[in-house]
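So you can see what is in the structure, the chains are spelled out below.
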Amino acid sequence: MEVSTLFWVVFHLVIAVFLAIDLIYWERKKGEIRFRDSLLWVIVWISLGLSFSVIIFSMYGTEEFIKYITAYITEYSLSTDNLFVFLVIFTYFAVPPTGRHIGLLIGILLSIVLRASFIFIGIALLERFHWMIYVFGAILIYTGYKMAKGGGEAVDPGKNKAVIFARKFLPIVPTYDKDGKSFIIKQNGNTFFTPLILAILAIGTTDIMFAFDSVPAALAITREFFTAYTSNIMAVLGLRSLYFLLEYGLRLVENLGKGLAIYLVYLGAAFILSAFGIKVPSYISLLLIATIILVLVLMARLRRKESGTTE
């Protein structure tokens, strides 16, 4: 189904308005981030993302509606696991809370651009080269294998090639300005970059890796560009608020990576089977990802109960 230019414009305007409201809200907090505020905004973003499925249903019907929900949950789960990497990056560069807001906003904007590009290219490749199904399927299975081995969250910002390159050629000081969110600082009449620029570079390069991992998952669920794109974008929009919940120590799904590993291997296998005309029903994918998350949450709660800890 062809989506009108006007609809695309309205969709991105709505996204821009919500991002602006989100940014203004957190700016007014001046770094005073409360658990209740973060939780409220997580609920707002999830509600917005799931509500959009009504539009998918009205435009494409039940089948694509199920695929949107499945792709949304998948991307949200993958992004949640990736937030631990952002936590490592911000901790490594000692980024202040106000600077983390800016870093996360830039990370989200980069994610939108990268995912749009990767999805467009991915669909074009699948339409032109049938054998790309095997490539994308192999990527998903290998990504699942890495996550099962614990490699999904492994990152060392100090070894990031973009960070190493920037440290060689940019004048960087180890301190931040007073508000903690500026990329440039002046000392003794000279201009220097703060470590925030290094954190942004690290986030940007890891965003490429995340998009490379998550886009094949979306295309394994649906080949419809509009569904794949909107589900991905809606999922990454609320990551700033979700990140600050993680900082509060909310770990409902400590072993999320292990569960996602199983799901990605399944998607990879389903992707490859589609090359032989074997189509796995979309509701199976939805039930599987929902079951995995539910089991992980219940296991985490049971462990807390046994250890006598509270959330």
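Computed from a predicted structure; not experimentally measured.

(A) Inspection of the side chain of S111 at higher detail. Relative to the helices and strands, S111 is located in helix α4 (residues 97-128). Here G107 takes part through its backbone oxygen, which lies 2.9 Å from a polar atom of the side chain of S111.

(B) Region of the structure containing the confidence of the model for the protein chain. Averaged over all residues, the pLDDT of the protein chain is 81; the fraction at 70 or higher stands at 90%. Here helix α9 (residues 239-247) stands out as the least confident element of the protein chain, with mean pLDDT 75; helix α8 (residues 225-237) is the most confident, with 89.

(C) Representation of a nonpolar patch on the surface. A surface patch of nonpolar side chains, amounting to about 650 Å² of accessible area, comprises F129, W131, Y134, V135, L273, F276 and I278. Structurally, Y134 is set in helix α5 (residues 132-148). Classification of Y134 by relative accessible area gives partly exposed; the value is 32%.

(D) Region of interest: unusual backbone geometry. Phi is positive for A94, close to 50 degrees, though the residue is something other than glycine. Its place among the elements puts A94 in the loop between α3 (62-92) and α4.

(E) A look at the pattern of salt bridges. Applying the stated rule across the entire model yields one salt bridge. E75 is the partner of R115 in a salt bridge, and the nearest nitrogen-oxygen pair spans 3.0 Å. Taken together, the residues R115 in helix α4 and E75 in helix α3 connect sequence positions 40 residues apart.

Scoring rules and cut-offs
Residues numbered from 1 in each chain as written. Predicted model: local features only at pLDDT ≥ 70, side-chain atom pairs only at ≥ 80, totals over all residues. Heavy atoms only, no water. Helix = DSSP H or I, 4+ residues; strand = E, 2+ residues; numbered from the N terminus. Polar contact = N/O pair within 3.5 Å; in protein donor to acceptor, adjacent residues only side chain to side chain. pLDDT = per-residue confidence, 0-100. Patch = residues over 30% accessible without salt bridge, like charges linked within 9 Å, V, L, I, M, F, W, Y side chains within 5 Å. Areas by Shrake-Rupley, 256 points an atom, 1.4 Å probe, with all protein chains shown as cover. Salt bridge = Lys/Arg side-chain N within 4 Å of Asp/Glu carboxyl O. Buried < 20%, exposed > 50% of the residue type's maximum accessible area, 1.4 Å probe, protein only.

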